[in-house]
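Here is what each chain is made of, one letter per residue.
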Amino acid sequence: MSPRTAVESRALRAAMSAPSWARRLIAGRPVMIDGQTLAPDLQMMLRLQAIARPRDEEVPIAMMRSNMVREAAIVGGQQSIGEVRELVVGGRPARHYLPSEPVSSDPGPLLVYFHGGGWIEGDLDTHDAPCRRLAERSGVPVLALTYRLAPEHPFPAAHDDAEAGFRWVVDHAAELGADPQRIGVGGDSAGGNLAAGVALAAARDGVPLAWQVLLYPCTDLERDTQSLRLFGEGFYLTTAFMDRANDYYVPRPEDRRDPRVSIVRAEIPSDLAPAYVVTAGFDPLRDEGETYARMLADAGVTVELQRCTGLIHGFVNIVGVGSSSRAAVDDVADRLRTALG
């Protein structure tokens, strides 16, 4: 984290820790939509972001990516972890997070994690803080994998990289200190989409997979939902960004119905790994994530659906400021410990 970013992170943390009257003054009236109330700390953060630097969906892709790294560092803060190892998995950069107090010795559990970012941004650094938090609190090591990004590498590049990376992990589980029967897969947003695709492929091909955790996953590129209409502007993730991501990652409209990317169109194997699906109340992707969870349940898959009513898309990154998002991530970590530990 650069000195400037560290200062900005401390300033945001201080603002969000101000007396309640000051926070209410900055945040404004409570935001209540669809029977839900936006978490006050996130409302304040969104207000400060709108004042300081409105989100610009039209900046060059290189600037968009660098902005995400900087913003993730500001809201992620400094998260402790036992050890971090830089690896190469399937020819792609990866990062292995080893908790200070693992739940079990070798061979033990492992969560393979794919970052979000609409398939066009995001990397190991943007999701370093949440991966540290998940591993350290749960006691389950986390292996963060990367994949090629669009528009340089359109669909199905990210999907193919995710599958290849996961297969490498299973084949090299012993080198990672992992039990192949205790490996889970997870991700957020586009990463949740990739994790779901990996889980479907594993079930079809008979590859062992113990669990999947899908955090506000993208599941349908032809989305037409109430949550999109309600929350497509003003709550971090915007319709404009999603349109740009779709155009870059899946430039051929006919490919947007492909079940490898619109997973609501996939056939669900009955022996699919148990799933924990987490959505955010103020997220345009909320409804499609919950639709996929219901599809899994209807197919006989063991699934648990959790809606975090007051949170926004991207909350998994916000573990260094405020309290509502960090509490939700800690809940995911506790569920991870139960599922794999």
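In this text, all values refer to a predicted model and were calculated from it rather than measured experimentally.

(A) Just the pattern of salt bridges, in detail. With the rule as written, the count across this model stands at 23 salt bridges. Linking Arg 95 and Glu 86 is a salt bridge whose minimum nitrogen-to-oxygen distance equals 2.9 Å. Given a relative accessible area of 10%, Arg 95 falls into the buried group. Ionic pairing is found between Asp 334 and Arg 137, a salt bridge with its closest N-O pair at 2.9 Å. Here Asp 334 is found in helix H11 (residues 324-340), whereas its partner Arg 137 is found in helix H5 (residues 128-138), with 197 residues between them in sequence. Classification of Asp 334 by relative accessible area gives partly exposed; the value is 30%. Here the residues in one salt-bridge network are Glu 86, Arg 95, Asp 125, Asp 128 and Arg 132, joined through shared partners.

(B) Up close: the nonpolar core. Membership of the largest hydrophobic core comes to 61 residues, with the highest contact counts inside it found for Phe 114, Trp 119, Phe 166, Val 169, Leu 272 and Tyr 292. Ranked by residue count, the leading element in this core is helix H7 (residues 190-205), at 9 residues.

(C) Quick look at unusual backbone geometry. Omega for the bond connecting Ala 150 with Pro 151 falls within 30 degrees of zero, at 10°, which places this linkage in the cis form. Its place among the elements puts Pro 151 in the loop between strand S6 (142-145) and helix H6 (157-171). A cis amide bond, omega 10°, links Phe 155 with the succeeding residue Pro 156. As for its placement among the helices and strands, Pro 156 is situated in the loop between S6 and H6. Look at Trp 119: it is not a glycine, yet its phi comes out positive at around 65°.

(D) Here's a closer look at the environment of Leu 200. Looking at the element boundaries, Leu 200 is found in helix H7. Each C-alpha atom of the pair Leu 200 and Asp 271 lies 9.5 Å from the other, and the pair is 71 residues apart in sequence. Ignoring sequence-local partners within four residues, the contact set of Leu 200 consists of Ile 263, Ala 266, Glu 267, Ile 268, Pro 269, Leu 272 and Tyr 292.

(E) The packing of H6 against H7, seen in detail. Where H6 meets H7, the closest approach of the two axes is 9 Å, and the angle between their N-to-C directions is 55°. Accordingly, the angle class assigned to the pair H6 and H7 is oblique. Between H6 and H7 the crossing geometry is right-handed. Contacts between H6 and H7 involve Ala 158, His 159, Ala 162, Glu 163, Phe 166 and Arg 167 from the first element and Leu 194, Val 198, Ala 201, Ala 202 and Asp 205 from the second. Of the residues that constitute the contact of H6 with H7, the class distribution is 7 nonpolar, 1 polar and 3 charged.

(F) Expanded view of the sheet that holds strand S7 (residues 178-188). Strand order in the open sheet formed by 8 strands is S3-S4-S6-S5-S7-S8-S9-S10, and the pairing between neighbours is mixed. In this open sheet, the two strands that pair with only one neighbour each are strand S3 (83-89) and strand S10 (303-312). The sheet shows a mean angle of 20° between the axes of neighbouring strands, direction not considered. As judged from the 4 bridges shared by strand S8 (residues 211-215) and strand S9 (residues 275-282), these two strands associate in the parallel manner. The residue bridging Leu 214 from the neighbouring strand is Val 277, located in S9. Sheet contacts for H5: S3, strand S4 (92-98), strand S5 (108-114) and S6; angle to S4, the most-contacted strand, approximately 35°. Seen against the sheet, H11 touches S5, S7, S8, S9 and S10 and runs at an angle of roughly 170° to S8.

(G) View of the packing of aromatic side chains. Per the counting criterion, the structure on display carries 7 aromatic pairs. Ring centres 5.7 Å apart and planes at 85° place the aromatic pair Phe 155 and Tyr 249 in the edge-to-face group. Placement of the pair is Phe 155 in the loop between S6 and H6 and Tyr 249 in helix H9 (residues 239-249), with a sequence separation of 94 residues. You'll find Phe 155 and Tyr 249 in the same group, each marked buried. On the basis of an interplanar angle of 55° and a centroid distance of 5.2 Å, the ring pair of Phe 231 and Phe 282 is categorised as tilted.

(H) Looking closely at the environment of Ala 162. Considering the arrangement of structural elements, one finds Ala 162 in helix H6. Taking the C-alpha atoms as reference points, Ala 162 and Gly 300, 138 residues apart in sequence, are found 25 Å from one another. Setting aside residues no more than four positions away along its own chain, Ala 162 makes contact with Phe 114, Leu 194 and Val 198.

(I) Up close: the side chain of Thr 146. Along the polypeptide, Thr 146 turns up in the loop between S6 and H6. Here Pro 93 takes part through its backbone oxygen, which lies 2.7 Å from a polar atom of the side chain of Thr 146. Contacts of Thr 146, omitting those with residues within four sequence positions, involve Arg 92, Pro 93 and Leu 124.

Conventions and cut-offs
- Residues numbered from 1 in each chain as written.
- Predicted model: local features only at pLDDT ≥ 70, side-chain atom pairs only at ≥ 80, totals over all residues.
- Heavy atoms only, no water.
- Salt bridge = Lys/Arg side-chain N within 4 Å of Asp/Glu carboxyl O.
- Buried < 20%, exposed > 50% of the residue type's maximum accessible area, 1.4 Å probe, protein only.
- Helix = DSSP H or I, 4+ residues; strand = E, 2+ residues; numbered from the N terminus.
- Core = buried A, V, L, I, M, F, W, Y, C linked by side-chain atoms within 4.5 Å.
- Contact = heavy atoms within 4.5 Å.
- Axes fitted to C-alpha atoms, helices over the stretch in contact; angles between N-to-C directions.
- Parallel < 35°, antiparallel > 145°, perpendicular 65-115°, else oblique.
- Left-handed = near helix turned anticlockwise from the far one by under 90°.
- Nonpolar A, V, L, I, M, F, W, Y, C, P; charged D, E, K, R; others polar.
- Pairing = 2+ DSSP bridges.
- Phe/Tyr/Trp six-rings, centres within 6.5 Å; stacked < 30°, edge-to-face > 60°.
- Polar contact = N/O pair within 3.5 Å; in protein donor to acceptor, adjacent residues only side chain to side chain.

Geometric descriptors of this kind do not, in isolation, establish any biological role.
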